[in-house]
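Examination of the molecular architecture
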There are 2 protein chains.
Amino acid sequence: MCAHIVRSYDAELSALDDLVAEMGGLAERLLSDAIEVLDRRDPRLATTAAASDSAIDVLERQIQERAITMIAKRQPMADDLRHIMTVLKIASDIERVGDLAKNIAKRAGAIAEESFPRTLMNGLRHMGQEALLQLKEVQDAFARRDVEAAMQVWRKDARLDELYNSVFRELLTYMMEDPRNISLCTHLLFAAKNIERIGDHATNIAENLHYLIRGVLPGPERPKSDDTSSILIGRPKTE
Amino acid sequence: MCAHIVRSYDAELSALDDLVAEMGGLAERLLSDAIEVLDRRDPRLATTAAASDSAIDVLERQIQERAITMIAKRQPMADDLRHIMTVLKIASDIERVGDLAKNIAKRAGAIAEESFPRTLMNGLRHMGQEALLQLKEVQDAFARRDVEAAMQVWRKDARLDELYNSVFRELLTYMMEDPRNISLCTHLLFAAKNIERIGDHATNIAENLHYLIRGVLPGPERPKSDDTSSILIGRPKTE
């Protein structure tokens, strides 16, 4: 293949990366806005979240179309194909992050006028900041093709899972103390779960970058620490 | 292209479909088992769910590898590429269904020994049956390339969303009546949300089949009726 064609192909791959970075930037801002709505109770930001999420969806479709055109035109061999497919997977994870962040903003908007103790927000805010950092770091790692940095994000996700476990327990306790908190705390539970899942998508991106550079998925299985599926608090056993 | 090559290509595409059907069959059984655990409180089925989910994940990876090999070897034009990419998307939706069903089984296993009124399960069982039916019907539609049948599933999802809204309210009320129900009902809330999301994946599959056959996504936007992100029950406004 002549140098001109190779350069042009590289340019197309790099343009694909740019679109992914643009998507990722939007998803970061959307998540950051969602955390802001939760924290400052400013429902105005919630209304812009849906629009940002649509922009993310449009970008994903553009990336898919461009990838298909590239494959059809360039007819790349298996290795380059894997590269393009990996980029598509990363775009799909970012799209899910956008959905989850939009949902957090929506829930946060719904409870913006409810009063609840600031301390209750500490854990959630901490979770949000952690997820946002993971998302930023994994995207920087992808832009630099830095597998080690990506693996650091991958390992860090256990911390987010632990935070989620403790927020989950805290919210349940708060609901038990006063039934008037139940409706509000249910939204916070789902918001916390969404943040935890955003962390999972960041680790998916890290895994896909690992696969892209090293040709294999990182192993052994990352230790998952979200134990909330089997947590039961304060319910005495009845027959 | 000579007939022999065309036949062989069709055979490969059809083998890809067979793998997707195998994946889908596993996901259906996993969901059906998960509903069974919820309904009959038999925790034994919960333990097999994780294994089924792993088998689904392995199949998805096989489908991805086979698709990449096919594209590299056959170098299909844009239309055929879109076909293969659509199959990959459908496989990815089925993989998510497997994850969600596994999580339902896990939660159901955790609460299997808790006592709660049978009536509380009516809504959830109904939701589960509805989601299972959607999943079956959309897969049959895919196997027969029947866009109309797929669109019926697509339209039906609003019913599942409505069921979810009512289950959500019912569970919140039950939590408010007796704080001892909170922990248990939280798991049921997440299980209900997972079932609702399985319905969303069935509609994604329907949309992708529509795209595959008609070349465009169905529009206008499907009316989404999951209003629970903004439901607030029984909490009097405080300053």
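Please refer to the structure higher up on the page.
Bear in mind that the values here come from a model prediction, so they are computed numbers and not experimental data.

**Overview of the overall build of chain A**
For chain A, the count of helices and strands is six helices and zero strands. Listing every helix and strand of chain A by position from the N terminus yields α-α-α-α-α-α. C-alpha atoms of chain A, sized along the principal axes, occupy 70 × 40 × 30 Å. A total of 239 residues make up chain A; the buried ones form 58% of that total. Within chain A, contacts between residues separated by at least 24 positions form 84% of all contacts whose residues are at least 6 apart in sequence. Roughly 10100 Å² of accessible area belongs to chain A as shown, and the carbon and sulfur atoms make up 52% of that amount. The centroid of the 32 positive side-chain charges in chain A is displaced by 1 Å from the centroid of its 39 negative side-chain charges.

**With respect to the interface of chain B and chain A**
Counting residues at the interface gives 56 residues for chain B, matched by 56 residues for chain A. Both sides together, the interface formed by chain B and chain A hides about 4900 Å², and carbon and sulfur atoms give 58% of it. At the boundary of chain B with chain A, the tally comes to two salt bridges. Of the charged contacts, one joins Arg82(A) and Glu65(B) as a salt bridge, the two residues approaching to 2.8 Å between their closest N and O atoms. Our count for the contact surface shared by chain B and chain A stands at seven residue pairs in polar contact (both at pLDDT 80 or more). Every element with two or more residues in the side of chain B that touches chain A is listed here: helix H2 (44–74), helix H3 (78–110), helix H5 (147–177) and helix H6 (182–214) of chain B. With eleven residues, the top contributor of residues to the side of chain B that touches chain A is H3(B). Taken together, the residues of the side of chain B that touches chain A sort by class into 27 nonpolar, 13 polar and 16 charged.

**Description of the packing of aromatic side chains**
Taken as a whole, this structure holds five aromatic pairs over all chains when the rule is applied. Between Phe168(A) and Phe190(B), the aromatic rings sit 6.4 Å apart at their centres with planes inclined by 35 degrees, giving tilted as the arrangement. Separated into two different chains, Phe168(A) in helix H5 (residues 147–177) and Phe190(B) in helix H6 make up a pair that spans both. The exposure classification of Phe168(A) matches that of Phe190(B), with both residues buried. In this arrangement the basic side chain of Arg145(A) is found over the ring face of Phe142(A), its NZ or CZ atom lying 4.5 Å from the centre.

**Focus: the relation of the copies chain B and chain A**
The transform that puts chain B on chain A rotates by 180 degrees and translates by 0.0 Å along the axis, for an RMSD of 0.0 Å. As the rotation angle and translation indicate, the two copies are arranged about a two-fold axis. Considering only C-alpha atoms, the residue of chain B closest to the rotation axis is Gln75(B), which sits at 2.8 Å. By residue overlap, the copies meet face to face through one surface: 100% of the interface positions of chain B are interface positions in chain A.

**Things to note about the pattern of salt bridges**
Applying the stated criterion across every chain, the model contains 28 salt bridges over all chains. Residue Lys73(A) pairs with Glu12(A) through a salt bridge whose shortest N-O separation is 3.1 Å. Taken together, the positions of Lys73(A) in helix H2 (residues 44–74) and Glu12(A) in helix H1 (residues 3–40) put the pair 61 residues apart, joining distant regions of the chain. Residue class for Glu12(A) comes out buried when judged on its relative accessible area of 17%. Note that Asp39(B) and Arg125(B) form a salt bridge whose closest N and O atoms lie 2.8 Å from each other. One end of the pair, Asp39(B), is in helix H1 (residues 3–40); the other, Arg125(B), is in helix H4 (residues 118–144), and 86 residues separate them in sequence. Comparing Asp39(B) with Arg125(B), the two get one shared label, buried. A network of salt bridges, in which partner residues are shared, links Glu12(A), Lys73(A) and Arg74(A).

**Comments concerning the nonpolar core**
By size, the foremost hydrophobic cluster in this structure holds 162 residues, and its most contacted members are Leu31(A), Leu31(B) and Leu188(B). The residues touching Leu188(B), leaving out its near neighbours within four places in the chain, are Leu38(B), Ile111(B), Phe116(B), Leu120(B), Met121(B), Leu124(B) and Leu171(B).

**Quick notes on unusual backbone geometry**
Residues and elements named next belong to chain A. Unusually for a residue other than glycine, Gln75 sits at a positive phi of about 45 degrees. In this fold, Gln75 is placed in the loop between H2 and helix H3 (78–110). Residue classification places Gln75 among the partly exposed positions, given a relative accessible area of 27%.

**Considerations on the environment of Arg61(A)**
Residues and elements named next belong to chain A. With respect to the helices and strands, Arg61 occurs in helix H2. Here Arg61 falls in the partly exposed class, since its relative accessible area comes to 45%. Separated by 18 residues in the primary sequence, Arg61 and Pro43 have C-alpha atoms spaced 29 Å apart.

Thresholds applied
- Residues numbered from 1 in each chain as written.
- Chains lettered and ligands numbered in written order.
- Predicted model: local features only at pLDDT ≥ 70, side-chain atom pairs only at ≥ 80, totals over all residues.
- Heavy atoms only, no water.
- Helix = DSSP H or I, 4+ residues; strand = E, 2+ residues; numbered from the N terminus.
- Buried < 20%, exposed > 50% of the residue type's maximum accessible area, 1.4 Å probe, protein only.
- Contact = heavy atoms within 4.5 Å.
- Areas by Shrake-Rupley, 256 points an atom, 1.4 Å probe, with all protein chains shown as cover.
- Lys, Arg positive; Asp, Glu negative; His and termini not counted.
- Charge placed at Lys NZ, Arg CZ, Asp CG, Glu CD.
- Buried area = accessible area lost by both parts, 1.4 Å probe.
- Salt bridge = Lys/Arg side-chain N within 4 Å of Asp/Glu carboxyl O.
- Polar contact = N/O pair within 3.5 Å; in protein donor to acceptor, adjacent residues only side chain to side chain.
- Nonpolar A, V, L, I, M, F, W, Y, C, P; charged D, E, K, R; others polar.
- Phe/Tyr/Trp six-rings, centres within 6.5 Å; stacked < 30°, edge-to-face > 60°.
- Lys NZ or Arg CZ within 6 Å of the ring centre and 35° of its normal.
- Least-squares fit on C-alpha atoms with pLDDT ≥ 70 in both.
- Core = buried A, V, L, I, M, F, W, Y, C linked by side-chain atoms within 4.5 Å.

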